[in-house]
Amino acid sequence: MTPRIAVLPGDVINKIAAGEVVERPASVVKELVENAIDAGATRVSVDVELAGRRSIRVTDDGQGIASEEAALAFQRHATSKIRTEADLSTIQSMGFRGEALPSIAAVSKVRLVTVAAGSSMGTEVRLEGGALLAQRETAAAPGTTVEVTDLFYNTPARKKFLKSPATEFGHVCQAVQRQALAFPKIHFRLTHNGHVVADYPAVPTLRDRVQQVYGAQLVDTCVDLQEEAGRLRLEGLCARPLETAHTKTPQDLFVNCRWVKNAAIVHALYEGYGTYLARGHQPRFVLSLWVDPRHVDVNVHPTKREVRFSDQEQVHEWVRSRIQASVKPASVASRTTVVSACSPPQRRDQPVATDGSRDVPGYANPAPDVLAGRQPRPAGVAELGQAYLPTVEQEEVRPLGQVANRYLVAQVGDELQIVDQHTAHERVLFERLQRQFEAGQITSQRALLPQVVELSAAEAVSVRAHLEDLGRLGFEVEEFGQGSFVVRAMPALFGQGDQRALLRALVEDWDAWPSTPSMQERYNTVLASVACHSAVRAGRALEVPEMRRLLEDWREAGLPSTCPHGRRIAMRLTIEELDRIFGRLGWT
Ligand code: ADP
Ligand code: MG
């Protein structure tokens, strides 16, 4: 018999929908905290028992819900945040689908107590499995408390999927942390079984909030970002290149105050680091990006964890260039970047306000610098090499000697520097090659006696396929016979290096091109190979004038801290540090 088609009863629909929104206790926390934020709360408390299995209570001091609407809030698609389809394209609130409360209520027991702004009495509503049990008047402080108990009591299958209390509570903590990072101006507090686990009083900046959440150590190892161009704004912190490691935590990205996963932005970030990131290292970052809400679609994922940009390439390129400018050493960056003009701050316009306009603290607020009408800090003027900024060009460089034919010891200004001769030279050459390449032509030098280079069959195939790319790099290479190539010209910087070793390194780089979509990144790896093979090798004894030349070139490049492969260039000891080490404090 053909199966009969029937529309599912409402409670079944709600349970199915709940499956998308309410995965675990942390999802309940996320949704309830978002509602508190949308209600304009300045304080949000999250109290959890047994990792959220027994109860989750979120209390806010926001605008509350009018008595006559308290029960309505639990109906599917009931929302105060949008009214028409057009509103979808200008969403600035966290919620807009009217799904969270009915979904949570469908799979738990809920008690809501709410007092609307301006009223002296409030309302209490109780539901079980989505069904309204009771509603009565009650007295309470202004704001809203939602208490969710016995989560998944009526969906045993879902309950079985819950992980250990430690894991579930870890997710709850993460959910609170993310919201706290998105809204530094809101006070967040989290307790577990009656113990305070996190308490983040309101602070003026994201940097302060990062310090509360992740500690001073992270903040101290990061560069500050404060960038704005038109309706794009980027604020936050990312690790200085030398402070990157193999770990990815934290990597928090917020788009219009939502924590999101976005491969394009993360890719732009990695590209921005480019050659400043050591192989296998990961940047740590907490970054907030603001985009015109009309140009970002937040309605692509059930929990809104993903977003789509209407002009992804533009956003990608802007983020890449801002990150690059910030992680590059100061003087190099200031030569190559243009500081965007400060545009008037964007105010948050509530698309549909039930009670007149309201401004959620910390929400889409422009950076304090912008508000005060000050110019944002020039791109790249960050801690890296900051001490040198005003005087880097004049700082006296005194080579003191060479250790083991690989490290130069020098006095730069007042500092003692131990410099890896190879990585320092490599970076200097790389920057030059990059400038020449960007200007259109790498200076090339014809060989007096062209050399013949023998390559394996596979290498020869690759070189043959990239003859044009070699030309752009300043080479003139011609096939001579089976696997033999005559090198008639080389980049002038190359000097007397090993041509065969360089060609083989280039073949390796080209092999990796298919997995590197960005042209710039592709050429960077190739330029880095040319620089590496052109640079003075470890083990070569240098005369004092050579040392001086190299150190001066490095200083002129802005004392960069890593080679294009991300390896460290120098170790610095300031005079203060030396004095501290030798106990010479306060007297000479
Ligand atoms: P959405 O947030 O998508 O609108 P929800 O189901 O989360 O949907 O909430 C439904 C409605 O209930 C909201 O639009 C809002 O008007 C109201 N509401 C929920 N939580 C709160 C709260 N903490 N304070 C004030 N109003 C709230
Ligand atoms: Mg909501």
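Bear in mind the structure is a predicted one, so any value in this text is a computation, not a measurement.

> Even after reading the chapter, I still don't get the nonpolar core, so can you show me in this structure?
The nonpolar side chains of soluble globular proteins are, as a tendency, buried together. Leu289 and Ile323 are the most contacted members of the largest nonpolar core, which totals 89 residues. In terms of residue count, helix H5 (residues 165-182) provides more of this core than any other element does, eight residues in total. Apart from residues lying up to four places away in sequence, Leu289 is in contact with Arg233, Leu234, Phe254, Val255, Asn256, Ile265, Phe309, Val315, Trp318 and Val319. Phe437, Val453, Leu455 and Val507 belong to the second-largest nonpolar core, a separate cluster that totals 30 residues.

> For this particular structure, what's the right way to read the packing of helix H12 (residues 421-438) against helix H16 (residues 519-534)?
For any two helices packed against each other, one specifies the inter-axial angle together with the distance between the axes. Where H12 contacts H16, the two axes come as close as 8 Å, and the packing angle between them is 135°. When the axis of H12 is compared with that of H16, the two are oblique. Our pair here, H12 against H16, has a crossing hand that is right-handed. Note on element contacts: H16 touches H12 through Gln520, Tyr523, Asn524, Leu527, Ala528, Val530, Ala531, Cys532 and Ser534, opposite His422, His425, Glu426, Leu429, Phe430, Leu433, Gln434, Phe437 and Glu438. Considered class by class, the residues forming the contact of H12 with H16 number ten nonpolar, six polar and two charged.

> How do you make sense of the pairing of strand E4 (residues 122-128) when you look at a structure like this?
The element E4 is extensively covered by neighbouring structure, given that five of its seven residues are classed as buried. With six bridges joining them, strand E3 (residues 109-115) and E4 adopt antiparallel strand pairing. Note that in E4 the partner of Arg111 across the bridge is Arg126. Turn length for the E3-E4 hairpin, with the two strands adjacent in sequence and antiparallel, is six residues, and the turn residue Gly118 shows positive phi of about 90°. Bridge count for E4 against strand E5 (residues 131-138) is seven bridges, and the pairing is antiparallel. Looking at E5, one finds that Leu127 is bridged to Leu132. In this structure, the hairpin formed by E4 and E5 is closed by a connection of two residues, where Gly129 is found at a positive phi of approximately 55°.

> How do you make sense of helix H17 (residues 544-556) when you look at a structure like this?
In an α-helix there are 3.6 residues to a turn, and that puts residues three or four apart on one side. Given a rise of 1.5 Å per residue, 13 residues ought to cover 18 Å, and the 18 Å separating the end C-alpha atoms of H17 matches this to within 8%. Turning to H17, its buried residues number three or more, namely Met547, Leu550, Leu551, Asp553, Trp554 and Arg555. Gly558 lies just past H17 and shows a positive phi near 95°.

> Got a minute to help me understand the layout of surface pockets in this structure?
It is a probe the size of a water molecule, rolled over the atoms, that shows where empty space is left. Roughly 880 Å³ of internal volume is contained in the largest pocket. If you go around the largest pocket, you meet 40 residues; those closest to its centre are Ile65, Ala73, Thr79, Ser80 and Lys81. Looking at the lining of the largest pocket, the elements with two or more residues in it are helix H2 (25-38), strand E2 (55-60), helix H3 (100-106) and strand E6 (143-149). At six residues, the largest contribution of residues to the lining of the largest pocket is made by H2. In the lining of the largest pocket, the residues fall into 19 nonpolar, nine polar and twelve charged. Quantified by volume, the second largest pocket comes out at close to 720 Å³. Among the elements that make up the lining of the second largest pocket, the one with the highest residue count is H16 (seven residues). When grouped by side-chain class, the residues that make up the lining of the second largest pocket number ten nonpolar, eleven polar and five charged.

Rules and cut-offs
Residues numbered from 1 in each chain as written. Chains lettered and ligands numbered in written order. Predicted model: local features only at pLDDT ≥ 70, side-chain atom pairs only at ≥ 80, totals over all residues. Heavy atoms only, no water. Core = buried A, V, L, I, M, F, W, Y, C linked by side-chain atoms within 4.5 Å. Buried < 20%, exposed > 50% of the residue type's maximum accessible area, 1.4 Å probe, protein only. Helix = DSSP H or I, 4+ residues; strand = E, 2+ residues; numbered from the N terminus. Contact = heavy atoms within 4.5 Å. Axes fitted to C-alpha atoms, helices over the stretch in contact; angles between N-to-C directions. Parallel < 35°, antiparallel > 145°, perpendicular 65-115°, else oblique. Left-handed = near helix turned anticlockwise from the far one by under 90°. Nonpolar A, V, L, I, M, F, W, Y, C, P; charged D, E, K, R; others polar. Pairing = 2+ DSSP bridges. Expected span 1.5 Å × (residues − 1). 1 Å grid on protein atoms, 1.4 Å probe; cavity = no way out; pocket = protein on both sides within 12 Å on 5 of 7 lines; lining within 4 Å. Points joined across faces, edges and corners; volume = space filled by probe spheres on them.

In short, geometric facts, not functional conclusions.
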